[in-house]
Amino acid sequence: MFQPPACRPNPNGCQRNIHILLVLLLLLLYSSLKASLAAKPKGPGQTHLNSIRIDGDISLGGLFPVHARGHDGKPCGELKKEKGIHRLEAMLFALDRINNDNNLLPNITLGARILDTCSRDTHALEQSLTFVQALIEKDGTDVKCLGGGAPIITKPERVVGVIGASSSSVSIMVANILRLFKIPQVSYASTAPELSDNTRYDFFSRVVPPDTYQAQAMVDIVKAMRWNFVSTVASEGNYGESGVDAFIQKSREDGGVCISQSVKIPREPKQGEFDKVIRRLGENPNARVVILFANEDDIRRLLHAAKKANQTGHFIWVGSDSWGSKISPVVHQEEMAEGAVTILPKRQSIKGFDRYFISRTLENNRRNIWFAEFWENNFSCKLSRHAVKKGSGLKKCTNQERIGKDSHYEQEGKVQFVIDAVYSMAHGLHNMHKELCPGKVGLCAKMDPINGTHLLKHIRRLNFSGIAGNPVLFNENGDAPGRYEIYQYQIRNRTAEYKVIGHWTDQLHLNVRSMQWPGGVRQVPSSICSQPCQPGERKKIVKGIPCCWHCERCDGYQYQADTYTCKMCRFDLRPNENHTGCVPIPIVKLEWSSPWAVIPVLIAVLGIMATLFVVVTFIRYNDTPIVKASGRELSYVLLTGIFLCYATTFLMISTPDVGICSLRRIFLGLGMSISYAALLTKTNRIYRIFEQGTMSVSAPRFISPASQLVITFTLASVQLLGVCIWFGVDPSKAIIDYEDQRTSNPALARGVLKCDISDLSLICLLGYSMLLMVTCTVYAIKTRGVPETFNEAKPIGFTMYTTCIIWLAFIPIFFGTSQSTEKMYIQTTTLTISVSLSASVSLGLLYMPKVYVILLHPEQNVPKRTRSLKAVVTAATMSNKFNPKAGLRPNGEAKTELCESLETQSFSTKQTYISYSNHAI
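In this text the structure is predicted, and so the values were computed from the model without any measurement.

### A word on the overall build of the chain
(1) Moving on: Scanning the chain from N- to C-terminus turns up 23 helices and 29 strands.
(2) Moving on: A fraction of 69% describes how many contacts in the chain between residues 6 or more apart in sequence connect residues 24 or more apart.
(3) Moving on: Carbon and sulfur atoms form 56% of the exposed surface of the chain, whose accessible area is close to 42,200 Å².

In structure tokens form, the structure reads like this:
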């Protein structure tokens, strides 16, 4: 009696032993039932428990899905012509070839016990108990026949190996039983990755590659088509669930593919289940590609549900080898399946099998108990006259029908692998026989019984050429190498067919040009979660879905550093047009041709010409009374300051460099400082003379021309001293200011080439000149009561009032435009025009009247009688006090008289002053 091994401390071992005990319990119950029946011996080729039995020296088991899964409590459903009958006949074909081959297992005949799994793992488990029946020693001593005689008990054949099963879930269920009894199993279609676990399925091998290869091939197809957002559909069970798991794992490892929906079809789907699946797949219309790891029946019903939902042409199906190149899933729904990409282990049509199968008839194929049912199904007829009903459209079979002639025939895709599986078992037995029975004919004692572990070792070592010429070999886990052909279901000229579009052997080889999509379209349909971002846009990944993102523009001064990041351009750069990189910001400066420069330059040129004209006139008439009365020394100094004010315009517009910037620092404030220092000296002297004259006839101190020059240059030197200190602290240089015109729109951004003179530095630079100007204005106000006929106090006053107004207008214009994009142009133009206008006011109010008199009224430019200083001052004072109309005297008359009096007395060593008259700017 078979004894289970003792339970070891290992929990896995205990669990295994529990399984063994359950199996033994079922077997004992089954054996007792069989022993109680007075079973009759069976002849060769007769049926047994709805199975095919073929006698032989060594018996192989076979598991095939002859029928589909049953419904409404029935174990089996409709007949499967290709997947069932074709594969079963392939095993019979292989057995015939082996038994007729004198070089393979000579003088040893292979038999078989072939069972129908009905595409259901539980039913297959029940049927497969037949394979281990012979391993139980049966005790018939207690069994008595009715006549009192000993019963005749048929000893079941001993199955040494099993071919099958088709479905992975069936193979897993059966493998758990066969490993307990050390019966090797070779599958022709089970591809679940779980079966590669050699610790759990150590007696399982397969001539087809596992789904890990298939999943990798499908991931490669998806990536080659640039799809990154797909859904998956799996039939409940090991095949579907393991296949989808493998696909998801491979897609994560490779990256770039995300799963929108992962739907599982129940083992026993309820009504409307497939409609529900289609609705779930349609929740995200962007995920058009559907990865299918489903059985043939589920695929057919899923396509039907999609057709009913009017989704024709929307979904792009990528089917596993369970779809392959089968016709049954797409019958009457070809348009729904158009464009489907399917995968199938690389195979070839076996011509010998085609000749064998089309020659099968009811007479020569009685060993196949399901062949009559296939005959009726294939030819749409009934073998029994009584089964033919009127109006059913069926006819009685004549037995003259022929496969391939009176019906469509196309070899099923797994036929090659069924034959290779049978041959791998035969080659394993052959090599085992050569090792254990060298030189013996037929089986020897060492192979009775056959040791399953020893046979498995020989099977795993195989490397032979299969029926199609491909090498048949196994790795340490019993898996075959991955070799796939890739098909696409295409409709051309209203004819649908599977077309080979590529193959996969460790890497994908795909002919994209030969592919055709729903509606005959050549362009590859899209199945992506988010459209690719435009250049200059970064991806903001949706949390948890790396293939879905929002595109965000790299705006402002940002550029696209990489797919997911925007970075700021360097301060001197701006993004290019599409924000994919940074380019240098254009450098601008005030050009001579700019309207902002033309007007100041025009004013400066006219001012310089006018200044030179005055200077030339004064030099020409240097000894005339009016020139003398103007104070020649200070006049030339003042005219020099005016000239520098005009000349500053050219420095402000010239291209900045170290030299230009240095000259700007020096002359921008120097010209104004010289001008206002001279004016301040002049107004101060007038004020002191008349203030002193009202109290005493003695002249004030420091009113001589030399003293005036010293005071003027002393005041101007303060400006130079400040500039020198500035040079020492911060040497002059030209800079490019990228903030001045850094607009919100990078396209308008400009770098401004300018001198390193800030607004604050400019105020400090002009501050001293403005201080002199304000002080001069104060003195002009104090001397406003002096008669106009005696001095230049009033013209100087008007000059200073006008100048103050100019600079009061300058301040808000200059600083109010500090935020403007035109800041450089406005401020430069405002500054140069303000300086030029200040010079023009001085030149116009102080010197143009004198030039007018000198050139156009020379009769007024004559000397007057000379009076004493006291008389002149007293007369001027009294004239101002009692005769407001004294100003009607010719211009410069009293003034000239006073100056001449002063100049006459200036040669006396007792006088310390010469003149009090002002000079004009």
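Picking up after the structure, the text goes on.
### A word on the environment of C76
(1) Moving on: Its place among the elements puts C76 in strand β4 (residues 76–79).
(2) Moving on: Note on C76: relative accessible area 24%, which makes it partly exposed.
(3) Moving on: Taking the C-alpha atoms as reference points, C76 and C118, separated by 42 residues in sequence, lie 5.1 Å from one another.
(4) Moving on: Apart from residues lying up to four places away in sequence, C76 is in contact with H67, A68, R69, G70, D116, C118 and H123.

### Points about the sheet that holds strand β27 (residues 587–588)
(1) Moving on: In spatial order, the strands read β27-β29-β28; together these 3 strands make up an open sheet with mixed pairing. The outermost strands of the open sheet, each flanked by one partner alone, are β27 and β28 (734–741).
(2) Moving on: Note: β27 against strand β29 (residues 750–755), 2 bridges, orientation parallel. Counterpart to I587 in the pairing with β29 is G751.
(3) Moving on: Contacts between helix α21 (residues 823–856) and the sheet are confined to β27, β28 and β29, with β28 contributing the most and set at about 115° to the helix.

### Quick notes on the nonpolar core
General note: in soluble globular proteins, nonpolar side chains tend to be found buried as a group.
(1) Moving on: Counting residues in hydrophobic clusters, the biggest one holds 66 residues, and the most contacted among them are M91, L110, F353 and L429.
(2) Moving on: Those residues within four positions of F353 in sequence are excluded, and the remaining contacts are H86, E89, A90, F93, Y409, Q411 and V415.

### A closer look at the state of the cysteines
(1) Moving on: What the rule picks out here adds up to 9 disulfides.
(2) Moving on: Paired by a disulfide, C381 and C397 hold their sulfur atoms 1.9 Å apart. Judged by the sign of its S-S torsion, about 95°, the bond between C381 and C397 is right-handed. Taken together, the residues span a long stretch of sequence, with C381 in strand β14 (residues 381–382) and C397 in the loop between β15 (395–396) and α12 (415–436) at a distance of 16 residues. With respect to class, C381 is no different from C397; both count as buried.
(3) Moving on: Put simply, C554 and C566 are joined by a disulfide, and their sulfur atoms are 1.7 Å apart. Negative torsions about the S-S bond denote left-handed disulfides, and the value of about -70° found for C554 with C566 makes this one left-handed. In this pair, C554 sits in the loop between β22 (545–553) and β23 (558–562) while C566 sits in strand β24 (residues 565–568), placing the two residues 12 residues apart along the sequence.
(4) Moving on: Judged by its relative accessible area of 0%, C554 falls in the buried class.

### Considering the packing of helix α5 (residues 211–224) against helix α6 (residues 238–254)
(1) Moving on: Contact pair α5 / α6: the axes reach a minimum separation of 8 Å and the direction vectors enclose 50°. Looking at the two axes, α5 sits oblique to α6. At the point where α5 passes α6, the crossing takes the right-handed sense. Here α5 contributes D211, T212, Q214, A215, Q216, M218, V219, D220, V222 and K223 to the contact with α6, which in turn contributes Y239, G243, A246, F247, K250, S251 and D254.
(2) Moving on: Looking at the contact of α5 with α6 residue by residue, the classes come out as 7 nonpolar, 5 polar and 5 charged.

### So, the packing of aromatic side chains
(1) Moving on: Scanning the entire structure with this criterion turns up 21 aromatic pairs.
(2) Moving on: Relative to F353, the ring of F93 lies with its centre 5.8 Å away and its plane at 80°, an arrangement referred to as edge-to-face. In this pair, F93 is assigned in helix α2 (residues 81–99) and F353 in helix α10 (residues 351–358), connecting sequence segments 260 residues apart. In this pair, the class of F93 matches that of F353, namely buried.
(3) Moving on: For the pair F357 and F374, a centre-to-centre distance of 5.7 Å together with 70° between the ring planes defines the contact as edge-to-face. With a gap of 17 residues between them, F357 in helix α10 and F374 in helix α11 (residues 371–379) connect regions that are remote in the sequence.
(4) Moving on: A relative accessible area of 1% places F374 in the buried class.
(5) Moving on: Three or more aromatic residues joined by ring pairs make a cluster, and in this case those are F93, F353, Y356, F357, F371, F374, W375, F379 and Y409.
(6) Moving on: Positioned above the aromatic ring of W549, the side-chain terminus of K539 is 3.8 Å from the ring centre.
(7) Moving on: We note K782 situated over the ring of Y779; from NZ or CZ to the ring centre the distance is 5.7 Å.

About the cut-offs
Residues numbered from 1 in each chain as written. Predicted model: local features only at pLDDT ≥ 70, side-chain atom pairs only at ≥ 80, totals over all residues. Heavy atoms only, no water. Helix = DSSP H or I, 4+ residues; strand = E, 2+ residues; numbered from the N terminus. Contact = heavy atoms within 4.5 Å. Areas by Shrake-Rupley, 256 points an atom, 1.4 Å probe, with all protein chains shown as cover. Buried < 20%, exposed > 50% of the residue type's maximum accessible area, 1.4 Å probe, protein only. Pairing = 2+ DSSP bridges. Axes fitted to C-alpha atoms, helices over the stretch in contact; angles between N-to-C directions. Core = buried A, V, L, I, M, F, W, Y, C linked by side-chain atoms within 4.5 Å. Disulfide = S-S within 2.5 Å. Parallel < 35°, antiparallel > 145°, perpendicular 65-115°, else oblique. Left-handed = near helix turned anticlockwise from the far one by under 90°. Nonpolar A, V, L, I, M, F, W, Y, C, P; charged D, E, K, R; others polar. Phe/Tyr/Trp six-rings, centres within 6.5 Å; stacked < 30°, edge-to-face > 60°. Lys NZ or Arg CZ within 6 Å of the ring centre and 35° of its normal.

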